[in-house]
Amino acid sequence: MQVKEFKIKWGMVIDIDKCSGCGACMVSCQVENNIAPMTQEDPHNHLQMMTTKRDDPSNKLRTLTWLNVYELNNGKAFPEHDVAYLPRPCMQCGHPACVPVCPVVATDKNEEGGIVSQIYPRCIGCRYCMAACPYHARYFNWWDPLWPDGMDKTLSPNASVRPRGVVEKCNFCHTRYMKAKDRAREEGIDPMELPEGYYVPACVEACPTGAIVFGDLNNPEHKVAQLAKSPHSFRLLEKLGLDPQVYYMSKREWVREQGDNHAAGDHNSAVKQASQGHE
Amino acid sequence: MEEMRASKQYGGALPFLLGFLVVAVAGWVLFPDILFVDKEQPFRFSHVAHVEGQGMLCEDCHYFREDGSFAGFPTNEECAMCHDIGDPQELVDALAEVTGSPDNIEDVLKQEEGPEALDYLILSAEPEDIQAERAFIVKYLAQGKEVPWYNYQFQPDNVFFSHKAHADLTMAQVAALEGGHGEAEAAEADAEDGTNCNLCHLEDIHLRSDTPPFQENVMTGYSKMTMKMWQCERCHAQMHQSNACYVCHK
């Protein structure tokens, strides 16, 4: 399979050593993208007595977290014990596993910038894409979104609200990209050459330690282009050869090793096989 | 044999054609009228009174903001730059004196003029314009409510339309497109002054003194004038622009 090439390739480099696991990125993501809080009671359902209750936020299999922070540890006892936190957005893969399996072309990677699109009204909820994605970056709406009274005022016009029965995922806050292009046009800047920082997703803006850097991986003037080439940077499950546009960095070797969760010893051969398969 | 006789009695080309005709006429002529209901705008707005009467420019109300987004309908604050009612509470009090209660101040609209406090604010000269302006002041400005205009081109929630991206498109370009463009002809008048608003919006709205009803599709709630996805895609293809999902969707 050929990697689709674009002039612009929006990418992220997440410095795991800088991440304190505070979760500000997750919160900002939920607010920016109109992800409803989970509530068990539905005030609009007058047959509540006879119907099943909705899932509450403690059911982590059914909560929607476009960006999820995972906790890693090195598995050693106290003096050597070490933890790390790994925020996981959609990887916007170069050749995504989710796209070819979609029977209705609700998800595609065809726009300049390389962001994998998800069109909710087109999605039929078969969840093949969720099964295909090795990063668990896709989420299914088991319930219609419900905002408690008054909280609906926090809804943002930047994201379309998804109904029950469709799949959704991180899209690098795509409306921010569209707005950045409009601002560039107004200011007489070529929208194909947005300066660094013109367009950043909500998580990048919210991160208090500056652990997430965002920009065009193809533009050598952008910081991400250099950071992605650092000897400390890696991508998740690189051996699968999906060519993610999200990079991670860590100076700790055990973190880098867990990023490519492989059986001991087969790492090099697996990478070799994957890269051969895609040439 | 029974069945064959029955089919001879009722069958044949004529009943079929008649039935076809009835259904075709119903579907072609009657159904579109049932599908759309007319909804009147909150009050009659005259572009003529503002453009010709006051010499205002389109950009005075419909302009690009600094961030490249487009200000479509002007807000009360912008209207109040001319339609200055001073302290809204004073006006409400003055109207309440006439109607008896601040809850039914809109009753003053039943009469064509008065009270003094309201007449004093009217800037229009034509009788129809005066009534519209009275409605605007009493219903919205005095009560601090934004006007809930119907947007003839309202797009679904998952569409991002950029006015800025289309601002430099000229009608000459569109008219010259391979395969033609249905709306181009109607929009030719615009070619002279350089804007291309006619392509999607009500034709020559700046020359109209009324606001036509909003035709709402009873099944979808969308406007009859809302551009369909195939129309967007056709023009993008003709202009050699990308039709990737995320070019228009969010």
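Residues numbered from 1 in each chain as written. Chains lettered and ligands numbered in written order. Predicted model: local features only at pLDDT ≥ 70, side-chain atom pairs only at ≥ 80, totals over all residues. Heavy atoms only, no water.

## A look at the overall build of chain B
Then comes step 1: A tally of helices and strands in chain B yields 13 helices and four strands.
Then comes step 2: Within the span of chain B, comprising 250 residues, buried residues form 28% of the whole. (Helix = DSSP H or I, 4+ residues; strand = E, 2+ residues; numbered from the N terminus. Buried < 20%, exposed > 50% of the residue type's maximum accessible area, 1.4 Å probe, protein only.)

## Overview of the overall build of chain A
Then comes step 1: What chain A contains, in helices and strands, is eight helices and 10 strands.
Then comes step 2: Over its C-alpha atoms chain A spans a radius of gyration of 20 Å, differing by no more than 12% from the 19 Å that the globule rule assigns to 279 residues.
Then comes step 3: When the backbone C-alpha atoms are referred to their principal axes, chain A occupies close to 60 × 55 × 40 Å.
Then comes step 4: For chain A, the proportion of contacts with a sequence separation of at least 24, taken over those separated by at least 6, is 66%.
Then comes step 5: Only carbon and sulfur atoms are counted for the fraction: they give 55% of the accessible area of chain A, which is about 14,000 Å².
Then comes step 6: Of note, chain A has its 31 positive side-chain charges centred 2 Å away from the centre of its 34 negative side-chain charges. (Rg over C-alpha atoms; globule rule 2.2 N^0.38 Å. Contact = heavy atoms within 4.5 Å. Areas by Shrake-Rupley, 256 points an atom, 1.4 Å probe, with all protein chains shown as cover. Lys, Arg positive; Asp, Glu negative; His and termini not counted. Charge placed at Lys NZ, Arg CZ, Asp CG, Glu CD.)

## Quick look at the domain arrangement of chain B
Residue and element names in this part refer to chain B.
Then comes step 1: Per the domain assignment, the segments making up chain B are domain 1 (2-38) and domain 2 (152-250).
Then comes step 2: Residue-level contacts link five residues of domain 1 with eight residues of domain 2.
Then comes step 3: Both sides of the domain 1 and domain 2 interface together cover about 630 Å² of buried area, and 68% of this is carbon and sulfur.
Then comes step 4: Remark: the boundary between domain 1 and domain 2 carries zero salt bridges.
Then comes step 5: Our enumeration of links across domain 1 and domain 2 arrives at two residue pairs in polar contact (both at pLDDT 80 or more).
Then comes step 6: By residue number, the principal contributor to the side of domain 1 that touches domain 2 is strand E1 (residues 36-39), which donates three residues.
Then comes step 7: Its residues placed into classes, the side of domain 1 that touches domain 2 shows four nonpolar, no polar and one charged. (Domains from an automatic or database assignment. Buried area = accessible area lost by both parts, 1.4 Å probe. Salt bridge = Lys/Arg side-chain N within 4 Å of Asp/Glu carboxyl O. Polar contact = N/O pair within 3.5 Å; in protein donor to acceptor, adjacent residues only side chain to side chain. Nonpolar A, V, L, I, M, F, W, Y, C, P; charged D, E, K, R; others polar.)

## Observations regarding helix H6 (residues 88-99) of chain B
Residue and element names in this part refer to chain B.
Then comes step 1: With 12 residues, H6 extends 16 Å between its outermost C-alpha atoms, agreeing within 8% with the 16 Å of an ideal straight helix rising 1.5 Å per residue.
Then comes step 2: Looking at H6, one finds that the buried residues are Leu 91, Val 92, Leu 95 and Ala 96. End-on, the buried residues of H6 take up no more than an arc of 135 degrees, which puts them together on one face. Turned more than 90 degrees from where H6 packs its buried face, Glu 90 and Glu 97 sit exposed.
Then comes step 3: Considering only its buried residues, H6 is in contact with helix H7 (116-119) and helix H8 (127-141).
Then comes step 4: For H6, the N-terminal cap is Asp 87; the gap from its side-chain oxygen to the backbone nitrogen of Gln 89 is 3.1 Å.
Then comes step 5: Looking one or two places after H6, you find Gly 100, whose phi comes out positive at around 100 degrees. (Expected span 1.5 Å × (residues − 1). Arc of directions from axis to C-beta.)

## Things to note about the packing of aromatic side chains
Then comes step 1: A complete count under the given rule lists 17 aromatic pairs over all chains for this structure.
Then comes step 2: Ring geometry for Tyr199(A) and Phe214(A): centres 5.0 Å apart, planes at 80 degrees, overall edge-to-face. One end of the pair, Tyr199(A), is in the loop between helix H4 (174-186) and helix H5 (202-206); the other, Phe214(A), is in strand E8 (residues 212-216), with 15 residues separating them in the sequence. The exposure classification of Tyr199(A) matches that of Phe214(A), with both residues buried.
Then comes step 3: Feature note: the residues Phe43(B), Phe45(B), Phe73(B), Phe136(B), Tyr140(B) and Trp149(B) constitute an aromatic cluster, connected by ring pairs.
Then comes step 4: Positioned above the aromatic ring of Tyr198(A), the side-chain terminus of Arg183(A) is 4.0 Å from the ring centre. (Phe/Tyr/Trp six-rings, centres within 6.5 Å; stacked < 30°, edge-to-face > 60°. Lys NZ or Arg CZ within 6 Å of the ring centre and 35° of its normal.)

## Quick notes on a negative patch on the surface
Residue and element names in this part refer to chain B.
Then comes step 1: On the surface, Asp 87, Glu 90, Asp 93 and Glu 97 cluster together into a negatively charged patch.
Then comes step 2: Tracing the backbone through its elements, the reader meets Asp 87 in the loop between helix H5 (76-79) and H6.
Then comes step 3: Residue classification places Asp 87 among the partly exposed residues on the basis of a relative accessible area of 40%. (Patch = residues over 30% accessible without salt bridge, like charges linked within 9 Å, V, L, I, M, F, W, Y side chains within 5 Å.)

## Remarks on the interface of chain B and chain A
Then comes step 1: Taken together, the contact pairs 18 residues of chain B with 25 residues of chain A.
Then comes step 2: Carbon and sulfur atoms supply 60% of the area that chain B and chain A bury against each other, a total of about 1,800 Å² over both sides.
Then comes step 3: Inspection of the chain B/chain A interface yields one salt bridge.
Then comes step 4: Note that Glu186(A) is salt-bridged to Lys164(B), the shortest N-O span being 2.9 Å.
Then comes step 5: For the interface between chain B and chain A, the tally reads eight residue pairs in polar contact (both at pLDDT 80 or more).
Then comes step 6: Counting residues per element, the ones that place at least two in the side of chain B that touches chain A are helix H9 (163-166) and helix H13 (245-248) of chain B.
Then comes step 7: Top contributing element to the side of chain B that touches chain A by residue count: H13(B), with four residues.
Then comes step 8: Classifying every residue of the side of chain B that touches chain A gives eight nonpolar, four polar and six charged.

## Re the pattern of salt bridges
Then comes step 1: Scanning the model with the defined rule gives 20 salt bridges over all chains in all.
Then comes step 2: When the shortest N-O distance is used, the salt bridge between Glu187(A) and Arg183(A) registers 3.3 Å.
Then comes step 3: Taking the relative accessible area as the measure of exposure, Arg183(A) reaches 32% and is therefore partly exposed.
Then comes step 4: The salt bridge involving Lys39(B) is made with Glu216(B); its shortest N-O contact spans 3.6 Å. Pair noted here: Lys39(B) is in strand E1 and Glu216(B) is in strand E4 (residues 214-217), with a separation of 177 residues, a long-range link.
Then comes step 5: Among the charged side chains, a network of salt bridges with common partners joins Asp17(A), Asp82(A) and Arg252(A).

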